[in-house]
Amino acid sequence: MHVLAYIGPALRALVPITIMGIVVSLASGLATLAFIIPGLYVYAMFAVMEPATVIERAGFRGMARSAQLTREYRWAVLGAFILGFLCYAIPLFAGFFAAELAMAQSHLTLAIVLFTILSSIGTGFLSILTALIYARLREIKEGVGIDEIAAVFD
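Residues numbered from 1 in each chain as written. Predicted model: local features only at pLDDT ≥ 70, side-chain atom pairs only at ≥ 80, totals over all residues. Heavy atoms only, no water.

*Asks:* Quick one: what's the story with the overall build of the chain, residue by residue and with numbers?
*Replies:* Summing up its helical and strand segments, the chain has seven helices and zero strands in all. Walking the chain from its N terminus toward its C terminus, one meets helices and strands in the order α-α-α-α-α-α-α. Dimensions of the chain, computed from the C-alpha atoms along their principal axes, are close to 55 × 45 × 25 Å. The proportion of buried residues among the 154 residues of the chain is 36%. Nonlocal contacts in the chain, meaning residues at least 24 apart in sequence, comprise 67% of its contacts between residues at least 6 apart. Taken as a whole, the chain presents about 9,300 Å² of accessible surface, with 73% of it coming from carbon and sulfur. Taken together, the 9 basic and 9 acidic charged side chains of the chain have centroids lying 8 Å from each other. (Helix = DSSP H or I, 4+ residues; strand = E, 2+ residues; numbered from the N terminus. Buried < 20%, exposed > 50% of the residue type's maximum accessible area, 1.4 Å probe, protein only. Contact = heavy atoms within 4.5 Å. Areas by Shrake-Rupley, 256 points an atom, 1.4 Å probe, with all protein chains shown as cover. Lys, Arg positive; Asp, Glu negative; His and termini not counted. Charge placed at Lys NZ, Arg CZ, Asp CG, Glu CD.)

*Asks:* Give me the lowdown on a nonpolar patch on the surface, citing residues and values where you can.
*Replies:* Taken together, the side chains of V3, L4, Y6, I7, L11 and L14 make up a nonpolar region of the molecular surface, amounting to roughly 600 Å² of accessible area. Looking at where L14 falls in the secondary structure, it is placed in helix α1 (residues 4-34). (Patch = residues over 30% accessible without salt bridge, like charges linked within 9 Å, V, L, I, M, F, W, Y side chains within 5 Å. Salt bridge = Lys/Arg side-chain N within 4 Å of Asp/Glu carboxyl O.)

*Asks:* Pulling in residues and values, what's your account of the packing of aromatic side chains?
*Replies:* Summed over the entire model, instances satisfying the criterion amount to four aromatic pairs. Between Y41 and W75, the aromatic rings sit 5.2 Å apart at their centres with planes inclined by 50 degrees, giving tilted as the arrangement. A residue pair is termed long-range when its members are at least 10 positions apart, and Y41 in helix α2 (residues 36-45) and W75 in helix α5 (residues 74-104) qualify at 34 residues. One aromatic cluster is present, formed by Y43, F81 and F85 through successive ring pairs. (Phe/Tyr/Trp six-rings, centres within 6.5 Å; stacked < 30°, edge-to-face > 60°.)

*Asks:* Provide a residue-level description of helix α6 (residues 108-142), including the pertinent values.
*Replies:* Helix length check: α6, at 35 residues, gives a terminal C-alpha distance of 50 Å against a target of 51 Å (1.5 Å per residue), a fit within 8%. Taken together, the buried positions of α6 are A111, S119, G122, L126, L129, T130, I133, Y134, A135, L137 and R138. Looking at the buried side of α6, the elements it contacts are α3 (49-55), α4 (62-70), α5 and α7 (146-150). Just beyond α6, the residue with positive phi is G143, at close to 70 degrees. (Expected span 1.5 Å × (residues − 1).)

*Asks:* Account for unusual backbone geometry, naming residues and giving values.
*Replies:* One non-glycine residue, R57, adopts positive backbone phi at about 50 degrees. Turning to its location among the elements, R57 is positioned in the loop between α3 and α4. According to the relative accessible area criterion, R57 is partly exposed, its value standing at 45%. A positive phi angle, near 75 degrees, is found at E72, a position not held by glycine. With respect to the element layout, E72 can be found in the loop between α4 and α5. Accessibility expressed as a relative area gives 71% for E72, which makes it exposed.

Just distances and angles here, no functional claims.
This is the structure we're talking about:
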């Protein structure tokens, strides 16, 4: 398979995802100002916006598609992301702690490398979690299997 088959859909989705990401962040932030729970609920509603936008080529409809997919499953999605963020925090804090130790020893380059590696592990984990939640929601709601989802890249 040609590598551009993967990069092309991502590049086409970059602008819509960036703009919708700003909108979702603002909406979640404003909802959080009311109380924490509404902000988390809004976050869960749009949790699969990125894979919906890229895989389904939804463009600016990615937010609506995410809301549709997460309907009736938002609390479960939120629970999965809370656990995911806890798993993300472990390598992030380890990276921060390791970087601080390296900085104390005047090893700036080592600090940057350690923090980058460990925070990347956490970020990668959250990306995988998002993709798996998207795939599971498609399977539950539409009977679409992972092979059918992956076919978009053929």
